Amino acid sequence: MSNSSNEEYPVAMAHINPTLLEFFMTLNLVVLAEMIGYGGIVANIINILNFKKQGLQDSVNVTLTALAVSDFGALFCQSLINLLFSPFWKNVELPFYSSSIFAMLFFYPHGYFIRVSGFITAFAAFERCLCVVFPLKVKSIITKDVAVAVNVLIFIILLLYLFPEYYVSYPDWIYIPAFNRSVLTIFYRDNAEYILTVTNIVNDLFVPYITFFVLIICTVVIVYKLKAKAKWRRSISGGVKSSGLSKVELSSKDKKAVVMLTVVSVIFIICLTPQCVLMTVIGVKQELKVEGPLWDISLLIYSFTSLLETVNCSVTIIVYYNMSTKYREMIQAWFPICLTLKKYLV
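Note that the structure is predicted; figures quoted are calculated from it, not measured.

**Student:** Provide a residue-level description of helix H1 (residues 18-54), including the pertinent values.
**Tutor:** For H1, spanning 37 residues, the distance from its first C-alpha to its last is 50 Å, which sits close to the expected 54 Å at 1.5 Å a residue. For H1, the principal kink sits at Ala33 and spans about 40°. The positive-phi residue at the C-terminal boundary of H1 is Gly55, with phi of around 110°.

**Student:** Tell me about the UniProt feature "transmembrane region" (unreviewed entry) in the protein, and name the residues and values.
**Tutor:** When the UniProt feature table is mapped to this numbering, "transmembrane region" (unreviewed entry) covers residues 23-49, 61-81, 101-126, 146-163, 206-224, 257-284 and 299-321. Measuring from the first to the last C-alpha atom of residues 23-49 gives 37 Å, for a span that is 100% helix and 0% strand. Strand forms 0% of residues 101-126 and helix 100%; the C-alpha atoms that close the span are 38 Å apart.

**Student:** Outline the side chain of Ser303, supporting the account with residue identities and numerical values.
**Tutor:** Within the secondary structure layout, Ser303 lies in helix H9 (residues 295-314). You can call Ser303 buried: its relative accessible area is 0%. At 3.0 Å, the side chain of Ser303 and the side chain of Asn28 are in polar contact. What Ser303 contacts, discounting residues up to four positions off in sequence, is Phe24, Met25, Asn28 and Leu29.

**Student:** Please provide a residue-by-residue account of the pattern of salt bridges, values included.
**Tutor:** This structure, assessed with the given rule, holds one salt bridge. Among the salt bridges present, the one from Arg128 reaches Glu127, with a minimum N-O distance of 3.3 Å. Look at Glu127 and you get buried, because its relative accessible area is 1%.

**Student:** Give me the lowdown on the packing of H1 against helix H10 (residues 316-323), citing residues and values where you can.
**Tutor:** Here H1 crosses H10 at 40°, and the two axes come no closer than 9 Å. By the angle between their axes, H1 is oblique relative to H10. On H10, the residues that touch Ala43, Asn44, Ile46, Asn47 and Phe51 of H1 are Thr316, Ile317 and Tyr320. Tallied by class, the residues present in the contact of H1 with H10 amount to five nonpolar, three polar and no charged.

**Student:** So, the packing of aromatic side chains: which residues are in play, and what are the values?
**Tutor:** Overall, the coordinates contain 12 aromatic pairs when judged by the stated rule. Ring geometry for Tyr209 versus Phe212: centroids 6.4 Å apart, planes at 75°, classification edge-to-face. Pair noted here: Tyr209 and Phe212 are both in helix H7 (residues 192-236), with a separation of three residues, about one helical turn. On the accessibility criterion, Tyr209 (36% relative accessible area) is partly exposed. Of the aromatic side chains, those joined through ring pairs into one cluster are Phe23, Phe24 and Phe304.

The rules we used
Residues numbered from 1 in each chain as written. Predicted model: local features only at pLDDT ≥ 70, side-chain atom pairs only at ≥ 80, totals over all residues. Heavy atoms only, no water. Helix = DSSP H or I, 4+ residues; strand = E, 2+ residues; numbered from the N terminus. Expected span 1.5 Å × (residues − 1). Bend = angle between axes of the 7 residues up to and from the residue. UniProt positions renumbered as here; feature names shortened; annotations may be inferred. Buried < 20%, exposed > 50% of the residue type's maximum accessible area, 1.4 Å probe, protein only. Polar contact = N/O pair within 3.5 Å; in protein donor to acceptor, adjacent residues only side chain to side chain. Contact = heavy atoms within 4.5 Å. Salt bridge = Lys/Arg side-chain N within 4 Å of Asp/Glu carboxyl O. Axes fitted to C-alpha atoms, helices over the stretch in contact; angles between N-to-C directions. Parallel < 35°, antiparallel > 145°, perpendicular 65-115°, else oblique. Nonpolar A, V, L, I, M, F, W, Y, C, P; charged D, E, K, R; others polar. Phe/Tyr/Trp six-rings, centres within 6.5 Å; stacked < 30°, edge-to-face > 60°.

Structural data, given as structure tokens:
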């Protein structure tokens, strides 16, 4: 969680019992997050294969495939970050400072993939919003090629998130007399503090909140329009039935896609908001930063917010299975046990 520390975890803990802190860090990150994360990695591989099998001619499948790729990347990096908080590290002499090296190798890439997932989710919500508002025009506005171009651009443009972090830092060896050995760690250039302060405002405040803003606006518009159309249908239900779809109605397939992506958006907002709030508070209250007097509180909260991030990247397979007929049929064809379990559960 640090941009500026070269020290090993843990630092001085003053407000939370160290044993209690270690318990929650181990339970939330090393046990629960790892179990959910590994399941999520497998789930996102299944998502990618499923949407590829369905065909990527549909813009929704293109976007959901891109989302599965970014979620896979986030979970893979997070699974390695979680190892940093394992108590087993304490008894292992490593040739590097695990906190600083792990941050450069996996923490920042994890943040990159989380932000990519957010932008892709926002794009999917925007696309479904257009589908509800302009049901007859959306197919010509958001084509497969447009979806591919937008998702590729999201992956490329957000690489800028990583540039400042790697630009102001470099690996080098430091000698520790107490242990009579040298270890590899991360050093920062003279202008690092200024650059990272600016980039953190953009990366930890502006980018997440603009993502939430788009998701909330699109979700509100979708819910409002769907309710308005449902009210309109009820108002004419006693009249003469019209043949085919009205110009203000969606196809059954589009309705299901709208509801499914709305659920994905809501899950994203619920699971990512706590982490975003934590980073905002850390940016305002200096005592919560690394080596600050309240750093132990930040670590404790982080163990829960990081767990929620892992959940967000892992549960989409459940949403797709329950809300997409094609997805469910594909899964049942690959894993017949799902049909067997369904018979016992129903």
